[in-house]
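Tertiary structure, described
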Amino acid sequence: MFSLSENYVENSNDFFKVGIYARLSREDKNSESIENQIQFLKPIVLSKPNWKLVGIYYDDGVSGTTFDRPGYNRLIHDVENNSVNLIIVKDLSRLGRNLLESLKFFEYCSTNNVRLIAVNDSTDSYCRNFQTDIMPVLRSFLNEIYSSDTSSKITSILKSKKEEGSFIGAFAPYGYLKDKHNKNLLVVNPETCEVVKRIYQMYIQGMSFNGIAKILNQEHIMSPAKYKENTTLYRCGRSKNYLWNPETIKIILSNPTYAGSLSQGKLQKVSYKSKKFKNIPKENWIVVENTHEPIISKEDFEAVQCLMSKRNYHRNNIVHHHLLSGLIFCGDCGGTITFSKTGRYFYTICSNYKRYRTCTRHTFSEEILCNIIKKELGTIAEQILDIKTLTSMAEKYINSQINAKNRSKLSTSKKEIRDIEKRLTEIKKHFFKLYQDKNNGVITVDEFKDINSMLSEEKHYLNTRLNNLKNKFESKEKINQSSDSIKKYVDDFASFKYIERHTVAKLINKIEIFEDMTIKIHYNFENPF
C-alpha cells in the first residue's frame, strides 16, 4: 500500500481537518461501493494522531465527467469555510473523470493550501515534486479516456435497443406502463388510456387544444405530470400547478407511440461531459413500427396529423365547428379565409380585408360552399367507385360484424349517451346557479363570463358528441342484412351525404375562393376529370 511517509514527512505542528470523499457512477459497475471506499480510507485517517476526521462526503450514481455534484459541492463549501484542509480519496478517478476540471481542482488545492491525497495512485499534493509530477495529469487523462470510451459503448448499446424497438425511456408515456417482466416493452395503462382516446376523439370532433385542456381541468382529471408524480419516483422540477395545458394536448396528439410505433432518438447529448441536449431532425429519428399495443388506430392518428397540419386551425377556442376551417384561401391575395356570422348564418371573409382592408370581402355562404364541395366529391366518387362491388363488400362486412363484440359496442354507446345526458342536465343547473351568483354579487362579471364560456363550450361539444353517438347508434340498430338497406348506406357514403372534417382534410389540400365567386379545389389526389 502507498505509504504517506514515503512522500511527505509531517511536521509535529501540522494539524489536518480531513474530509473523506467517495464517488460511484452508474457506469462504474466494477468499482467498489461507496461503503467499501469509506471503509478503506477511514482507518488511514484515524491512524494519524494529528488528523481529525471532520466529514465524509460522497456522490452515489453521479458521473465523474461533471464536477457539479451534491457531495462534492458540500465538500468545497466546507473547504471555503476552513472546516476541511485535507481531502483524501481512494484514487483520482473517484475525484472525477474530466481532465480539465481535475487540473483546475489541483490548482485550487494548491492555491488554497489544501492537501489532496489519492491513496492508490500514490498522489500527495504536499510532496515536493507534486507540481512537476506528470503522473497525476496522466492518470486524470486516462480517467477521461475511460469515461469517453464508456459513454461511446453505452450510446452504441442504447442505439441498438432503439433500432430493435425496445423502449429505453425512464418513464412510460402517459397512457402506458412499463411491462412488469420487460422494462423495454410498453403495455396499455387501463387507468389513463381512455383519457388519451377521448382527447383524440374531441380533437377530431373539432375542439381546440385549449378547449380540450379546459374540459379535462374542469372535470378534475389528473394531468400527466401529476399522475407521473403520484405513481412513480418522478418529481416535477418546473411547473407545480399540474394542470392540463394546450402544449400537453398537442404533445399527446403528435406522439406516434399511441398508434403503436416507437419514435426515439429525438435528442442527443452535446457531449458526454455535458448535461445539455440538442434536437435531432425528424428525418433522423429512430422509428420502429408495431412495437406495442396501440391506443389509437393508425387511421385516427393520421387523421389528427392531417388536421394539425392545416394552417390557422385550432388556433383559438372553437365555438362553432366549421367543416372547411383552415382549408380555404383567398384566390386573389393568397390570404386565409375565415368565417363571419350574420344572424344565424356564417359567411366567408378574406382575413386581409377583415384586418387591413387590403383586399375585397370574398363573401360566400358557408352552407352553399359546403354543399358544393360535397357534391363535387360525390361526383368524383361516382366515377371511381364500383357501387355494386362496394355494396357486396359492405354486406359481407356487416354480416361479420353483427356479433357479440358489436352488441358490446352498442352497450358502451348507450352508457356514454346516458352519461352525456346526465352531464348536460348538470350544466343546465350550473347555468341557472351561475346567473343567480352573478345577480347576487357572489361572482364578478368577468368571472361570470369566463365560467359561462367554459360551460358553453363543453355543452356544445357534448351536444355534438351526443348527436354523433345517437346517429351511429341508430344506424347500427337499423342496419340489417337486406340489400336495400345496405345499398342506401353505401350510396350515402359514396355521395358524401355525411362527411367529417378529418375526411375532408385528407382529400383536400386547399380551396381557393375568388371575388367573382369562382371556386378552385386543390385535391390531395389526382382529379379524374
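Residues numbered from 1 in each chain as written. Predicted model: local features only at pLDDT ≥ 70, side-chain atom pairs only at ≥ 80, totals over all residues. Heavy atoms only, no water.

**Some points on the overall build of the protein chain**
- Per the secondary structure count, the protein chain includes 18 helices and 16 strands.
- Residues classed as buried in the protein chain amount to 41% of the 529 residues present.
- Partitioning the intrachain contacts of the protein chain with sequence separation of at least 6 by distance along the chain shows that 66% fall at a separation of at least 24.
- Carbon and sulfur atoms make up 51% of the accessible area of the protein chain, which amounts to about 30600 Å² in all. (Helix = DSSP H or I, 4+ residues; strand = E, 2+ residues; numbered from the N terminus. Buried < 20%, exposed > 50% of the residue type's maximum accessible area, 1.4 Å probe, protein only. Contact = heavy atoms within 4.5 Å. Areas by Shrake-Rupley, 256 points an atom, 1.4 Å probe, with all protein chains shown as cover.)

**Re the pattern of salt bridges**
- Going through the model one piece at a time under the given rule, you end up with eight salt bridges.
- In this structure, Lys-197 engages Glu-194 in a salt bridge whose closest nitrogen and oxygen atoms are separated by 3.3 Å. Here Lys-197 and its partner Glu-194 are both found in helix 7 (residues 193-204), three residues apart, which amounts to about one turn of the helix.
- With a relative accessible area of 47%, Glu-194 lands in the partly exposed category.
- Overlapping salt bridges, with partners in common, bring together Arg-423, Glu-426 and Glu-458 in one network. (Salt bridge = Lys/Arg side-chain N within 4 Å of Asp/Glu carboxyl O.)

**Digging into the sheet that holds strand 2 (residues 51-60)**
- Reading across from one edge, 2-1-3-4-5 is the order of the five strands in this open sheet, with mixed pairing throughout. Either end of the sheet is taken by a strand with one partner, and the two such strands are strand 2 and strand 5 (123-124).
- Alignment of strand 3 (residues 86-89) against strand 4 (residues 115-118), held across four bridges, turns out to be parallel. From the neighbouring strand, Ile-88 faces strand 4, where its bridge partner is Ile-117.
- In the packing of helix 2 (residues 34-46) onto the sheet, contacts are made with strand 1 (16-24), strand 2 and strand 3, and the angle to strand 1 comes to roughly 160°.
- On the sheet, helix 3 (residues 70-80) packs against strand 1, strand 2 and strand 3 and is oriented at approximately 150° with respect to strand 2. (Pairing = 2+ DSSP bridges. Axes fitted to C-alpha atoms, helices over the stretch in contact; angles between N-to-C directions.)

**Thoughts on unusual backbone geometry**
- Look at Asn-290: it is not a glycine, yet its phi comes out positive at around 50°.
- By the element assignment, Asn-290 lies in the loop between strand 11 (286-288) and helix 11 (298-309).
- Even without a glycine there, the phi angle at His-362 is positive, about 60°.
- When its relative accessible area of 0% is taken as the criterion, His-362 is described as buried.

**What about the packing of aromatic side chains?**
- Across all of its chains, the model carries eleven aromatic pairs by this definition.
- Taking 5.7 Å as the distance between ring centres and 85° as the angle between the ring planes, the aromatic pair formed by Tyr-174 and Trp-244 counts as edge-to-face. Here Tyr-174 is found in the loop between helix 6 (135-163) and strand 6 (176-178), whereas its partner Trp-244 is found in the loop between helix 9 (224-231) and helix 10 (246-254), with 70 residues between them in sequence.
- With a relative accessible area of 11%, Tyr-174 lands in the buried category.
- Arranged with centres 6.4 Å apart and planes meeting at 65°, the rings of Tyr-200 and Tyr-258 form a pair that is edge-to-face. Of this pair, Tyr-200 sits in helix 7 while Tyr-258 sits in the loop between helix 10 and strand 8 (262-264), and the two are 58 residues apart along the sequence. (Phe/Tyr/Trp six-rings, centres within 6.5 Å; stacked < 30°, edge-to-face > 60°.)

**Some points on the confidence of the model for the protein chain**
- Averaged over every residue, the pLDDT of the protein chain is 77; residues scoring 70 or more account for 72%.
- Note that pLDDT drops below 50 for residues 130-135; the model gives that stretch six contacts with residues more than four away or on any other chain.
- Under a pLDDT of 50 for its full length, residues 145-151 has, in the predicted model, nine contacts with residues more than four places off or in other chains. (pLDDT = per-residue confidence, 0-100.)

**Observations concerning the environment of Leu-377**
- For Leu-377, the position within the fold is in helix 13 (residues 366-384).
- Take Leu-377: its relative accessible area is 3%, and that puts it in the buried class.
- Between the alpha carbons of Leu-377 and Leu-507 there is a distance of 8.9 Å; along the sequence they are 130 residues apart.

**Some thoughts on helix 8 (residues 209-218)**
- Considered for burial, the residues of helix 8 that qualify are Phe-209, Gly-211, Ile-212, Ala-213, Ile-215 and Leu-216.
- Count one or two residues on from helix 8 and you reach His-220, which has phi positive near 60°.

**Brief notes about the sheet that holds strand 12 (residues 328-330)**
- With mixed pairing, the three strands of this open sheet are ordered in space as 12-15-16. Two strands in the sheet have a free side with no partner beyond their single neighbour: strand 12 and strand 16 (519-523). For this sheet the average axis-to-axis angle between neighbouring strands, irrespective of direction, equals 25°.
- Of the strand pairs in this sheet, strand 12 and strand 15 (residues 508-513) are connected by three bridges, and their pairing is parallel.

**Observations concerning the nonpolar core**
- With 47 residues, the main nonpolar core has Ile-199, Tyr-200, Trp-244, Ile-249 and Tyr-258 as its most contacted residues.
- Listed by contribution, the elements that provide at least two residues to this core are helix 7, helix 8, helix 10, helix 11, helix 15 (404-439) and helix 16 (445-478).
- Here this core gets eight residues from one element, more than from any other, and that element is helix 7.
- Leave out the neighbours within four places in its chain, and Trp-244 touches Tyr-174, Val-195, Ile-199, Ala-213, Leu-216, Asn-217, Ile-221, Met-222, Ser-223, Pro-224, Ile-249 and Ile-252.
- If you look at the next biggest cluster of nonpolar residues, it comprises 25 residues, including Leu-327, Ile-337, Ile-380 and Ile-513. (Core = buried A, V, L, I, M, F, W, Y, C linked by side-chain atoms within 4.5 Å.)

**Thoughts on the pairing of strand 14 (residues 345-350)**
- Bridge count for strand 13 (residues 337-342) against strand 14 is six bridges, and the pairing is antiparallel. Across the sheet, Ser-340 pairs through a bridge with Tyr-347, a residue of strand 14.
- Where strand 13 hands over to strand 14, the hairpin turn is made up of two residues, of which Gly-343 adopts a positive phi near 70°.

**Some words on the environment of Gly-334**
- Relative to the helices and strands, Gly-334 resides in the loop between strand 12 and strand 13.
- Exposure remark for Gly-334: the relative accessible area of 45% places this residue in the partly exposed category.
- In the structure, Gly-334 is positioned 178 residues away from Glu-512 in sequence and 8.3 Å away in space, judged by C-alpha atoms.

**Description of the packing of helix 7 against helix 8**
- Where helix 7 meets helix 8, the closest approach of the two axes is 10 Å, and the angle between their N-to-C directions is 140°. Relative to helix 8, helix 7 is oriented oblique. Here helix 7 and helix 8 pass one another in a crossing that is right-handed. Residues Val-195, Arg-198, Ile-199, Met-202 and Tyr-203 of helix 7 touch helix 8, and the partners they reach there are Phe-209, Ile-212, Ile-215 and Leu-216.
- Looking at side-chain class alone, the contact of helix 7 with helix 8 contains eight nonpolar, no polar and one charged residues. (Parallel < 35°, antiparallel > 145°, perpendicular 65-115°, else oblique. Left-handed = near helix turned anticlockwise from the far one by under 90°. Nonpolar A, V, L, I, M, F, W, Y, C, P; charged D, E, K, R; others polar.)

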